[in-house]
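Examining the three-dimensional arrangement
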Amino acid sequence: MYDIKNKSNNSNNLNVNKPVPFIGKGFQPKTRSWMGYFVFFIIIFVLELGTSTGVISSLTLPKPSDVLETIIQLFQSGLLFKHLVPSILRLVIGALIGISLGISIGTLIGLFSYFRSGLVPVIAAIFPIPKIALLPLFVIWFGIGEGSKYALIALGSFTPTVVATYGAVDNVDRTLIRMGQSFGLSWISIVYKIVLPGAMPGILSGLRISLAISIILLVAAEMLGAEYGIGAYILEAGSLYDLERLFAGVTILSLLGITVSVFVTKLEQKILKWR
Amino acid sequence: MNIKIKNLNHSYDKSKVLSDINLEIMDGQILSIIGPSGCGKSTLLRLIGGLEKPCSGEITQIGSPPAGCLNAMTYIFQDFALLPWRTVEENVSLVLEDHSLSNEIKRSVIDDVLDRTKLKDFSYAFPKQLSGGMKQRVAIARALAVNPAVLLMDEPLSALDSQTRELLLEDFINLWHRKPFTAVYITHNLSEAVRLGHKILVLSRRPGKIIETISIEKPIADRKLIDKDLDQYQKHLWNIMHDEARAADAELLNV
Ligand SMILES: Nc1ncnc2c1ncn2[C@@H]1O[C@H](COP(=O)(O)OP(=O)(O)O)[C@@H](O)[C@H]1O
Ligand SMILES: [Mg+2]
């Protein structure tokens, strides 16, 4: 319409029919779950091709099919469960301690100003410490056995849970609490029926982070004085420079991570079905 | 039960919000309060319901709440304040759970209020599935469930579109007609005020003072959306409000 030729025409030229261009494209996150599998497939395919043709030397990376074979052997020999069961036990017990303490303390901080003023600085001081650095200390305190491993995982999952929980409690809609008070609900009812359910979305997204940190710390703890466990298995493979077994261990870890993440997603879907 | 307010003053920090409020809420009547935004209407309602303490003055309950009243002063909030993780029925049940009532009584109370607010078919819906009008119905059902002595309503229809507002207003009038309750109805909408109020209080801009009290004799059930009798009141109120509203508007710009 801004054509020179058209300039003499009336700008309301009714003979020109043009669909309104669609300009609202993009910026809308959608899930395309097949894309994830596709990327995985491509990476593994390229590695397989590279290692079997010799473009990638066997000293750099193992052949994916060999890694798979190692995992299958591990499974058939029963060794897989010998390593996996103690690891999962440590993860569950350690994370359970850390997360339940974290939710309790976080709720107290969210609800009571004395707890808040007293504990927030302490939490802020503990939060940035790489917990792995404390492992030797925990070995002295709790012994080389399971105790120090639980303690490390518990502390690692505790701090992010506390921070997520009191943030979530802070963010609970005040008008809902006011509503509870105005109907004369007891303090306990307000906490259990309004504050905690309202904080649940925040607590659950904290859970995701806490569990990921727990897995990292699990491996670290098992590298010190554990006979069985995924961490011990990886450490042993690494010291023997056995790349297939090293990668088999790493693959199992990453599967463990995915399982945990799926677990949290399922939990969210169940608990937060009202959203 | 009547409520009497005497010489009430209230300030936040140093700024005065309510000044020398005297009024009486009569049993079985609806008291409308109008005033420009920011004049302290919500604050007054919070004081009446005991959510905050007045700086000075007295708020007294005269007489005792009706039999079977579980929560004397009961709010209906502008933003509904429903728990999103509870269904309609569970939201109503929330306010009964802290009282030692048998399951049958609870059941019958819930059924009764959901029936009165036409929510029977939505018992198991979550708030996110409901329209604004439906949500406010749930909040009204919840308030009726405790059989309140006084309903305190803070602009309950302001978050709704005008058609829904009219529908809810009619439902509300029917509810009152079937079983009269005592209510304080806060609004900045003149037509709502004259439709519902037995008495209408006009507050000045901040600090809120009562600048006019009018009573409307016409029975609430007989008042209509388009109603000549109400027009004169509405015009009168608008004349008073006009200057206050303009001044309040200009004040905000000067801050
Ligand atoms: N908790 C509070 N702290 C400080 N100031 C407040 C508080 N609540 C309300 N105010 C102030 O008091 C005045 C009256 O508020 P409000 O009662 O909400 O007015 P309205 O409901 O009539 O619009 C406003 O100027 C508001 O900023
Ligand atoms: Mg208000």
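Here is what the cut-offs are and how they apply
Residues numbered from 1 in each chain as written. Chains lettered and ligands numbered in written order. Predicted model: local features only at pLDDT ≥ 70, side-chain atom pairs only at ≥ 80, totals over all residues. Heavy atoms only, no water. Contact = heavy atoms within 4.5 Å. Buried area = accessible area lost by both parts, 1.4 Å probe. Salt bridge = Lys/Arg side-chain N within 4 Å of Asp/Glu carboxyl O. Polar contact = N/O pair within 3.5 Å; in protein donor to acceptor, adjacent residues only side chain to side chain. Helix = DSSP H or I, 4+ residues; strand = E, 2+ residues; numbered from the N terminus. Buried < 20%, exposed > 50% of the residue type's maximum accessible area, 1.4 Å probe, protein only. Domains from an automatic or database assignment. Pairing = 2+ DSSP bridges. Axes fitted to C-alpha atoms, helices over the stretch in contact; angles between N-to-C directions. Near = heavy atom within 4 Å. Areas by Shrake-Rupley, 256 points an atom, 1.4 Å probe, with all protein chains shown as cover. Nonpolar A, V, L, I, M, F, W, Y, C, P; charged D, E, K, R; others polar. 1 Å grid on protein atoms, 1.4 Å probe; cavity = no way out; pocket = protein on both sides within 12 Å on 5 of 7 lines; lining within 4 Å. Points joined across faces, edges and corners; volume = space filled by probe spheres on them.

Quick look at the interface of chain A and chain B
Taken together, the contact pairs 18 residues of chain A with 24 residues of chain B. Per-residue buried area on chain A facing chain B is highest for Phe183, Lys193 and Trp274 of chain A; these three make up 38% of the total on that side. The closest approach of N and O atoms between Lys193 of chain A and Glu97 of chain B, which form a salt bridge, is 2.8 Å. Seen at the junction of chain A and chain B, the total is 6 residue pairs in polar contact (both at pLDDT 80 or more).

A word on the pattern of salt bridges
On inspection of all chains with the given rule, the structure shows 19 salt bridges over all chains. Among the salt bridges present, the one from Lys118 of chain B reaches Asp171 of chain B, with a minimum N-O distance of 3.0 Å. Placement of the pair is Lys118 of chain B in the loop between helix H3 (103–116) and helix H4 (132–145) and Asp171 of chain B in helix H5 (residues 162–178), with a sequence separation of 53 residues. In this structure Asp171 of chain B comes out as buried when scored by relative accessible area, which is 16%. Beyond isolated ion pairs, a larger network of salt bridges with shared partners links Lys193 of chain A together with Arg86, Glu97 and Asp98 of chain B.

Topic: the domain arrangement of chain A
Residue and element names in this part refer to chain A. Under the domain assignment, chain A is made up of domain 1 (32–61) and domain 2 (63–271). Using C-alpha coordinates to define each centre, domain 1 is positioned 31 Å away from domain 2. Approximately 580 Å² of surface area, both sides summed, lies buried where domain 1 meets domain 2, with 68% of it carried by carbon and sulfur atoms. The largest share of the area that domain 1 buries against domain 2 comes from Glu48, Leu59 and Leu61, three residues that together contribute 60% of it.

Description of the sheet that holds strand S2 (residues 15–25) of chain B
All names here are of chain B. Taken together, the 3 strands give an open sheet; going across it, the order is S2-S1-S4, and neighbouring strands pair in antiparallel fashion. The sheet terminates laterally at S2 and strand S4 (56–62), the two strands that pair on one side only. Put simply, the sheet's adjacent strands are angled 15° from each other on average, direction ignored. Across 7 bridges, the pairing between strand S1 (residues 2–12) and S2 is antiparallel. Within S2, the residue paired with Leu8 across the bridge is Ile21. Along the sheet, helix H1 (residues 41–49) contacts S1, S2 and S4; its crossing angle with S1, the most-contacted strand, is approximately 125°.

Section: helix H9 (residues 230–239) of chain A
Residue and element names in this part refer to chain A. Buried within H9 are the following residues: Ile230, Gly231, Ala232, Tyr233, Ile234 and Ala237. Against helix H2 (64–76), helix H3 (79–111), helix H8 (187–222) and helix H10 (243–271) lie the buried residues of H9. Just downstream of H9, Tyr241 is the residue with a positive phi angle, here 55°.

Description of the site of ligand 1
Residue and element names in this part refer to chain B. In the neighbourhood of ligand 1, the contacting residues comprise Tyr12, Val17, Ser37, Gly38, Cys39, Gly40, Lys41, Ser42, Thr43, Arg46 and Arg206. Interatomic distance of 2.7 Å between a backbone N/O atom of Gly38 and an oxygen atom of ligand 1. Measuring from an oxygen atom of ligand 1, one finds a side-chain N or O atom of Thr43 at 2.5 Å. Surface burial for ligand 1 is 62%, taken as the share of its 560 Å² of free accessible area covered by protein chains. Tallying contributions element by element places H1 first for the shell around ligand 1, with 4 residues. Across the shell around ligand 1, the residue classes break down as 3 nonpolar, 5 polar and 3 charged.

Examining empty space enclosed by the protein
Residue and element names in this part refer to chain B. Under the criterion given, the structure shown has 3 cavities of 30 Å³ or more. Taken as a whole, the largest cavity encloses approximately 60 Å³ of empty space. Around the largest cavity, the lining residues are Arg116, Thr117, Lys118, Arg137, Ile140, Leu168, Asp171, Phe172 and Leu175. Every element with two or more residues in the lining of the largest cavity is listed here: H4 and H5. Among the residues forming the lining of the largest cavity, the class breakdown is 4 nonpolar, 1 polar and 4 charged. One number sums up the size of the second largest cavity: a volume of about 50 Å³. Surrounding the second largest cavity, Ile76, Ile140, Met153, Pro156, Leu157, Leu168, Leu169, Phe172, Tyr185 and Leu196 form its lining. Across the lining of the second largest cavity, the residue classes tally to 10 nonpolar, no polar and no charged.

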